[in-house]
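Residue strings, one per chain:
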Amino acid sequence: MKHHLSSTGALFAAMPPLIVLVLFYSLAVHMHLNLGGWPHSIGFGGFSPGLLLHAKVQFWGAQIIMLMSMYLWPVGTVVSAVHPKARWLLPYLGIFALAVIVCYGLAQLAPEPFLYWWRD
């Protein structure tokens, strides 16, 4: 049985990394506006409660995408490749992987002071 790629399914596959990318850049803007610039130290010193919540939500979103990429994606890809009835999932898993790579690359374009804070 041949399955056709669904635009809804493709959007669903790409959505998690895209959401994390939006959270990442919105955190950069929120931080810059809230602190009047970039943080002068690593950590959350001087963060308002809203900025702290935003940072934690973005952090956990990024962690979930990383865990999905490291554990769920490889298992899902192998199972889908081996099991004939699940092969229709392979394009969606590919879309997810491509979205993760593209979003990671786009995140590297953020201002260096923000990236320095975010990486630590």
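Residues numbered from 1 in each chain as written. Predicted model: local features only at pLDDT ≥ 70, side-chain atom pairs only at ≥ 80, totals over all residues. Heavy atoms only, no water.

1. Section: the nonpolar core
Part 1 of the reasoning: In this structure, Phe24, Leu27, Met31, Phe47, Phe114 and Trp117 are the most contacted members of the largest nonpolar core, which totals 14 residues.
Part 2 of the reasoning: Taken together, the elements giving at least two residues each to this core come down to helix H1 (7–35), helix H2 (49–82), helix H3 (90–107) and helix H4 (112–119).
Part 3 of the reasoning: In terms of residues, this core owes the most to one element, H1, which gives 5 residues.
Part 4 of the reasoning: Filtering out sequence-adjacent residues up to four positions away, Phe24 remains in contact with Gln58, Ala107, Ala110, Phe114, Leu115 and Trp118.
Part 5 of the reasoning: Among the nonpolar cores identified, the runner-up in size contains 5 residues, and Val20, Ile65, Phe96 and Val100 belong to it. (Core = buried A, V, L, I, M, F, W, Y, C linked by side-chain atoms within 4.5 Å. Buried < 20%, exposed > 50% of the residue type's maximum accessible area, 1.4 Å probe, protein only. Helix = DSSP H or I, 4+ residues; strand = E, 2+ residues; numbered from the N terminus. Contact = heavy atoms within 4.5 Å.)

2. Observations concerning the packing of H1 against H3
The axes of two packed helices give the description: the angle between them and the distance between them.
Part 1 of the reasoning: At a minimum axis distance of 8 Å, the contact between H1 and H3 shows a crossing angle of 15°. When the axes of H1 and H3 are compared, the pair comes out roughly parallel. Once H1 is placed against H3, the crossing between them reads as right-handed. Residue-level contacts link Gly9, Ala10, Ala13, Ala14, Pro16, Pro17, Leu18, Leu21, Phe24 and Tyr25 of H1 to Tyr92, Ile95, Phe96, Ala99, Val100, Cys103, Leu106 and Ala107 of H3.
Part 2 of the reasoning: Split into classes, the residues belonging to the contact of H1 with H3 amount to 17 nonpolar, 1 polar and no charged. (Axes fitted to C-alpha atoms, helices over the stretch in contact; angles between N-to-C directions. Parallel < 35°, antiparallel > 145°, perpendicular 65-115°, else oblique. Left-handed = near helix turned anticlockwise from the far one by under 90°. Nonpolar A, V, L, I, M, F, W, Y, C, P; charged D, E, K, R; others polar.)

3. Digging into H3
Part 1 of the reasoning: For H3, built from 18 residues, the straight-helix expectation of 26 Å at 1.5 Å per residue is met to within 8% by its first-to-last C-alpha distance of 26 Å.
Part 2 of the reasoning: Within the sequence span of H3, burial applies to Tyr92, Leu93, Phe96, Ala99, Val100, Cys103 and Ala107. On an axial view of H3, the arc spanned by its buried residues comes to 120°, and they lie on one face. Away from the buried face of H3 by more than 90 degrees, exposed residues Leu98 and Ile101 are located.
Part 3 of the reasoning: Of the surrounding secondary structure, the elements contacted by the buried residues of H3 are H1, H2 and H4. (Expected span 1.5 Å × (residues − 1). Arc of directions from axis to C-beta.)

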